[in-house]
Every structure is written in structure tokens, then in C-alpha cells.
Amino acid sequence: MRRSHRALVAGAATVALIGGYATLDTFDVVPGVLTTADAPREAVPLPGESTPPPDVRRPQPPQAPAALPGVGGTAPTPEGVRAALQPLLDAPGLGPTTSMAVRDAATGQSLFALDPDAARTPASITKLLTAYAVSRTLDLDSTLATTVRQGPGDQVVLVAGGDTALARGKGNPDEVAGRAGLGDLAKQVAANLKKQGRTSVTVGWDLSYAPGPLQNENWQQDLVDMGFTTRVGMLGLADDRSDPGTAPPTDPARSTTQAFVKALAAEGITAELGQKVTTPDGAPQLGVVRSAPLVDVLGLALRDSDNAMTESLGRQAAAKDGVPGDGASVTAWVLRVLREDGIDLRGVKLMDASGLADGTTIPARVVTDVVQRGASGQVEAFQDVLTRLPVSGWNGTLHNRFQATGSTDGAGGVRAKTGSLPGVTSLAGTVVTRDGRLLVFTIINNGEQPRGPLAARADLDRIVTALADCGCR
């Protein structure tokens, strides 16, 4: 993602203007320092510079791909879990309404439930439902191909294939964002063009794959314009992913094609920008680059809470089922996949596939149902996705969490999706108890947060840490 001091300053000013949207889950990538709830707030460091307090042992990075822990260890009892959690649920930093569900990952036994059927505003843990539907539909071992094909006359066509995280230059095989590079693609195309004796072309772009609108119809326009999310597409650049305070490209496909024109120039091909076209059937291929496996791309979308990438992957999976790409059709498809898998959707209303739009409600029970199907191995593809969730105190939107007093024991042992909106703080995923037992959990807190979003997050971290510390027998 694009990161600069200028952008961060601009982002801070923007947040002030929109009154509290600093807690948007898309803004989780901007670090905040969680110390004790009552401590003065320190200055926000630049990304990558947030460090844990001296008494926190930095967790070791997980293996990649990392398997979820086994089902060994002694399961806690419901009575023990209740005794551990109950004192923390009235924490002063939380809003007035909390729903929670905790289960044993292997057996599905309910260990704790607090209003689990109540319809709550979930924020970005909504993405777990979309990720589940994607994992049930697409081959997560496959990759996304970005190709160039021969067009009519002097034209070549950059054909979108769903990769919205292309590098401008050479691809990096060790990264997910930027695995495929336009520089590598340009090198292939230039070599083939020179074999034909051609050194001058016009470059068009083809968006026939999984078409749809550039943004969900329920998103607030100012959030898009201010960079809290990029626009949704099937062709995009890694450094054009969301960057609060910096407006995203109005047409990501056109911007990506412009970057490809420059990449061709570096390979000795004079190119000019053309227009959107449809590639003729059977047009010869001049080059191709491929993304990381879809399991890693989907994992990246969850790890970074990337709204546009989640929406794009949901649209691609829906398109495979013959579903149109508009937001209402895609969310209806997500619900259909869940319903067909036997998940009780009472209380669920999806206004988008990522949790950014107003009006979405999901009970804690439903999110826990989804997570448990992956954690237990019942849905193996989704289990692989869950291993890519952020790790507490280590990476993604949890990189600077579980550092407040009373939560440090949870660092390194929690894999979870975060959710934050004004008046909403949520967390859902897996936690390993001190006895080595894997639990799944969802906690959703709604309402005015008396001490602000950082304190509310810290209180949620303490609740989940109580599960990590739990012998609870």
C-alpha cells in the first residue's frame, strides 16, 4: 500500500472532518498505540514503527502456510469459561451492547453465549462470510491470470483476470501483493512484438471478466473519495490499494493500463493508451503473469481488511455461479451459499460483502458457525483461509493489538478478523488456550464507546486473552 507521512497527515485531517471514521476497519492499517486504557494516548507512529511495551514478548511469526493448532489439550468447561469472562464483559471502555459466542473448535460444544442470536452491526468481520462463500466456490489453489492478447491492427489488449494487486515493475515471488508484475508482462510482450518486427502499438484494456460497478451502491461516496477503500475492479495496482487520505484512482483499469504502457516503453516499445475493448475470440496471447494462489490473495484481503479486494473476490466467485456483479446480487449469492450449507441466517442482512456499508446485521452465532466450519476442518478450503488471518501482536490489523495491560498473554495465540466502525468493535476467529485447546469465538460490541475506540479494542483483547489464559475446568 502507498504509505507516506504526507498521506498520514492528510488522512488525519480527513478523519476529523468525517467525525469518528478513524475507527473504520479499513483504517485499522493506520497504527494506534494500545497501552493501558487510562494512559495518555501517545502519538500515532508510522506503519511498521509500532512496538510492544518492554514487558511483551514479541510472538514468533507463524509458518506460512500455517496449520491451525491440533485438537489436543483439555477442553474447558462452560462453567469455567463463564467464570473467566463474566467479570470482563462490563468493562468501562465497551459500548452498552455485547454479543458473544465461544465454542470448542473440534466438537462444536458451546462454552459461552451472550445474546448470540441478536442482530448486531458487525463491521468488517462481515468479510468472513464472503470469504467462506468464495472458498466454497473457487479453487483456492488456482491463480489469477493477467494477459495481453493481440488486437486488431496495431492494437494489443491488456485483459483483466481479477488481479487487483499487480506490481508496476518486476513481480516479487515472495509477496502476495505484487506477485505478478507489469514489468515482467511487458518484457514478454515486447519480445513477441519484436519477433513480429513491431515496435509501436496502441494498448487497450478488456474488462469482460466478472464485470460490475466500480463500487458498492450502498457505500458512502465520501468514504471512497477519501481513500477509505479503493474502487472495485478486476484489474489494479498493488500501490493503488486503499490509503486513507489519498483518493483512489477513479478508473483503476485505465490507470493500470497506463502503467503497462510505461512498462512497454522501458522495453523499447512505443505505446500509447487506447480504450476499453473486447478481445476477439481466439486472439493470440502475447504474454501472461499470474497472481499468488487465491488462498493467499483471499488471506491478504482478510489480513489487511481490504474492502475492495474482498468485494472483487466475492464478485469473481459469484460470476462463476452465473450471478451478476452488482452489490445486491453478490450479497444475495453469499447468503445463498451459506444457506445451502445449512447455516441459519436468521438476523442476517448484508448491505455489502465487506462490512463497510451501513445497515448490515449479523448475529454472533452466525459468524461463529462460519468460523467453526473452517477451524474444525469440516470445510478444508476455508480452514486454509483461516490460517491467513491476522495474528495477535504480529501482523495485519492485529499487529498492534494485545499490547494493553491484561491482554499481553494473548499475543501470538489469536488469529482473528477485526471489525471497527463508529460505535462498533468486533473480533472473530480462533484462540489457543493455555492447555492447548483450540476455541472459536465471536464478540461484537455495539453502542457509544465511553473511552473511545482504542479502549474498546483493548477491552475486547482482554476478553479474548481470558480465553487464552483459561484452564477453566
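Just so we're clear, the structure is a prediction, and the values are computed from it rather than from any experiment. (Residues numbered from 1 in each chain as written. Predicted model: local features only at pLDDT ≥ 70, side-chain atom pairs only at ≥ 80, totals over all residues. Heavy atoms only, no water.)

To continue, consider the pattern of salt bridges. Opposite charge on two side chains permits pairing when their charged atoms draw close. Within the structure shown, the criterion is met by 21 salt bridges. We note a salt bridge from arginine 365 to aspartate 117, for which the minimum N-O separation is 2.4 Å. Of the two residues, arginine 365 sits in helix α10 (residues 364–375) while aspartate 117 sits in the loop between β2 (110–114) and α3 (127–135), which places them 248 residues apart along the sequence. Exposure remark for arginine 365: the relative accessible area of 12% places this residue in the buried category. Aspartate 341 serves as the salt-bridge partner of arginine 136, at 2.7 Å between the closest nitrogen and oxygen. Pair noted here: arginine 136 is in the loop between α3 and β3 (145–150) and aspartate 341 is in the loop between α9 (327–340) and α10, with a separation of 205 residues, a long-range link. Among the ionic contacts, a cluster of salt bridges with common partners joins Arg103, Asp117, Asp344, Arg346, Arg365 and Asp369. (Salt bridge = Lys/Arg side-chain N within 4 Å of Asp/Glu carboxyl O. Helix = DSSP H or I, 4+ residues; strand = E, 2+ residues; numbered from the N terminus. Buried < 20%, exposed > 50% of the residue type's maximum accessible area, 1.4 Å probe, protein only.)

This part covers the nonpolar core. Residues Leu128, Leu129, Trp333, Leu338, Val367, Phe382 and Val385 are the most contacted members of the largest nonpolar core, which totals 52 residues. When contributions to this core are tallied by element, the ones reaching two or more residues are α3, α7 (294–303), α8 (307–320), α9, α10, α11 (380–386) and β10 (438–446). Per-element accounting of this core gives the leading share, 7 residues, to α7. Residue contacts for leucine 129: discarding those within four places in its chain leaves Val334, Leu338, Ile362, Val366, Val367 and Val370. In terms of nonpolar packing, the next biggest core, distinct from the first, is built from 28 residues, Ala186, Ala190, Ala253 and Val289 among them. (Core = buried A, V, L, I, M, F, W, Y, C linked by side-chain atoms within 4.5 Å. Contact = heavy atoms within 4.5 Å.)

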